[in-house]
Amino acid sequence: MKDVADHVGVSRQLVSLVMRDLGGVSATTRERVLRAAEEMGYRPDASARLLRQRRSYQIGVLYAMHQPFEVDLVEHLFTAARERGYAVVLGPLSPSRPQAMVVEELLQQRIEALIVLATDGGRATCGALKSRDLPVVQLSGPRTTPPGDDIRVDNAEGMELAIEHLTGLGHTRIAHIDGGMGPNADERRDAYLAAMARRGLTEQAEIVPSAYDEDAGSAAASALLERAELPTAITCANDRCAFGVIETLVRTGIRIPDDVSIVGYDDSSIASLRFLQMTTIRHDPAILSALAVEAVVDRLSGTNVAPWARRVRAQLVIRSTTGAPRVLS
């Protein structure tokens, strides 16, 4: 800042006002300072600025890099946070970066709140995080006990839409490839069974154990291929699992949707790939992210003490992986 000040012929304090976008500086002087800073390659030290402030206005995000829908959520969280005057600090989980390590790194960045999209292996909960006196918002994934601020898709509505679509096409033998121990997997599994029961199809219902990735979907499809006859339709716990199912079935000569219809879940970026065009259940990541940031701001302001609990409506997105059932032999 001293170099910029000397170059323009003003005080260092005035340069500081410009860089912090504060008042008390004429438009002409502000323009001169900013132009000089750009020419000299000067950038304010954000870390030093944070150390001088009582608040950081930073929100930590705990997420898994390998889940496309979580990446979609992160993208919208940046926008939603910026609109409310906050910045986002990312905390990606991986096998070599467990939850405890990542949370500690985020705390060292002076985050004021934490939005949790994922936990270790999908099995951990957010309960331990709440003991740190840090506002925690669960977004579309893990749970905590006792219940806290929670924003997620309406899984029951989503699965109802999937089964309604398939039965409307004429399917009755509909299997569900589930998400194992992953977040939301139990709700989607239970919703599938309830939707089948409402249509008198309990005896045709079948749960195939799986998980939220392509390899698990492929393994589930291989298990189905060992049977005498395939179901005419399959709902999957998420789009990655569905992608693995489709890839394995197609490699063995099964036609999608002529032989088997497939419905994914999440409408993540892979569902709309040109060569795939997957029918899936959509929940808007922009709406989910905006609600999560609103919950954080509400909690930090202290204006509301009641836990947030929001369910975002699901939508059916029909593409090319569903159609009328084959004629059974």
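I will try to describe carefully the structure that is included in this document. (Residues numbered from 1 in each chain as written. Predicted model: local features only at pLDDT ≥ 70, side-chain atom pairs only at ≥ 80, totals over all residues. Heavy atoms only, no water.)

## Structural notes on the sheet that holds strand β8 (residues 233-236)
Taken in spatial order, the four strands of this open sheet run β7-β6-β8-β9, and their pairing is parallel. The two strands at the open ends of the sheet, each matched to only one other strand, are β7 (206-208) and β9 (261-263). The mean angle between the axes of side-by-side strands here comes to 25°, regardless of whether they run parallel or antiparallel. Relative to β7, strand β6 (residues 174-177) runs parallel, the two sharing three bridges. Note that in β7 the partner of A175 across the bridge is E206. Its contacts with the sheet place helix α10 (residues 214-225) against β6, β7 and β8, and it is angled at close to 130° to β7. (Pairing = 2+ DSSP bridges. Helix = DSSP H or I, 4+ residues; strand = E, 2+ residues; numbered from the N terminus. Axes fitted to C-alpha atoms, helices over the stretch in contact; angles between N-to-C directions. Contact = heavy atoms within 4.5 Å.)

## So, the pattern of salt bridges
Two side chains of opposite charge can pair, provided their charged atoms sit close to one another. Going through the model one piece at a time under the given rule, you end up with 21 salt bridges. Between E214 and R240 there is a salt bridge whose closest N-O contact spans 2.7 Å. With E214 in helix α10 and R240 in helix α11 (residues 239-251), the pair connects residues that are 26 residues apart, well separated along the chain. Using a relative accessible area of 11% as the deciding quantity, one classes R240 as buried. In this structure, D258 engages R255 in a salt bridge whose closest nitrogen and oxygen atoms are separated by 3.8 Å. Overall, D258 belongs to the partly exposed group, its relative accessible area being 44%. (Salt bridge = Lys/Arg side-chain N within 4 Å of Asp/Glu carboxyl O. Buried < 20%, exposed > 50% of the residue type's maximum accessible area, 1.4 Å probe, protein only.)

## Brief notes about the pairing of strand β4 (residues 136-139)
Side chains of β4 alternate between two faces, with V136 and Q138 and V137 and L139 buried alike. Pairing analysis gives three bridges linking β4 to strand β5 (residues 149-153), with the strands arranged parallel. Residue pairing for β5: V137 is matched across the bridge by D149.

## Let's talk about the environment of A37
Locating A37 in the fold gives a position in helix α3 (residues 27-40). Judged by relative accessible area, which is 4%, A37 ranks as buried. Sequence separation of A37 and V4 is 33 residues, and the distance between their C-alpha atoms is 6.0 Å. Excluding anything up to four places from it in sequence, A37 contacts V4, M19, Y42 and R43.

## Observations regarding the packing of aromatic side chains
One pass over the full model with this rule turns up two aromatic pairs. Taking the centre distance of 6.3 Å and the plane angle of 70° together, the rings of F243 and F275 count as edge-to-face. Taken as a pair, F243 in helix α11 and F275 in the loop between β9 and β10 (280-282) lie far apart in primary sequence, 32 residues in all. A residue is classified by how much of its surface remains accessible, and F243, at 24% relative accessible area, is partly exposed. According to the relative accessible area criterion, F275 is exposed, its value standing at 64%. Residue placement shows R310 over the ring face of W308; its charged tip is 4.0 Å from the ring centre. (Phe/Tyr/Trp six-rings, centres within 6.5 Å; stacked < 30°, edge-to-face > 60°. Lys NZ or Arg CZ within 6 Å of the ring centre and 35° of its normal.)

## Topic: the state of the cysteines
Here the structure, examined in full by the defined rule, presents zero disulfides. Free cysteine: C236, not disulfide-bonded; nearest cysteine sulfur from C241 at 4.6 Å. C236 sits in the buried class, given a relative accessible area of 1%. (Disulfide = S-S within 2.5 Å.)

## A few points about the pairing of strand β3 (residues 113-116)
The two faces of β3 match: A113 and I115 on one face and L114 and V116 on the other face are all buried. In the sheet, strand β1 (residues 58-64) pairs with β3 via four bridges, with the strands oriented parallel. Among the inter-strand pairings, L62 is bridged to a residue of β3, identified as V116. Of the strand pairs in this sheet, β3 and β4 are connected by three bridges, and their pairing is parallel. Note that in β4 the partner of V116 across the bridge is Q138.

## Points about α3
If you check α3, its first and last C-alpha atoms are 20 Å apart, about what 14 residues at 1.5 Å a residue would give, namely 20 Å. Looking at α3, one finds that the buried residues are T29, R30, V33, A36 and A37. Taken end-on, α3 shows its buried residues confined to a sector of 135°, consistent with a single buried face. Turned more than 90 degrees away from the buried face of α3 sit A27, T28, E38 and E39, all of them exposed. Looking at the buried positions of α3, the neighbouring elements they touch are α1 (2-8) and α2 (12-19). Phi turns positive, to about 75°, at G41, one or two residues after α3. (Expected span 1.5 Å × (residues − 1). Arc of directions from axis to C-beta.)

## Some words on the sheet that holds β3
On the basis of which strands lie adjacent, the open sheet formed by six strands has the order β2-β1-β3-β4-β5-β11 and parallel pairing. At either margin of the open sheet sits one strand with a lone partner, and together these are β2 (87-93) and β11 (309-312). Across this sheet, the average inter-strand angle for adjacent strands is 20°, counted without regard to direction. The strands that helix α6 (residues 99-108) touches are β1, β2 and β3; relative to β2, the one it contacts most, it runs at about 160°.

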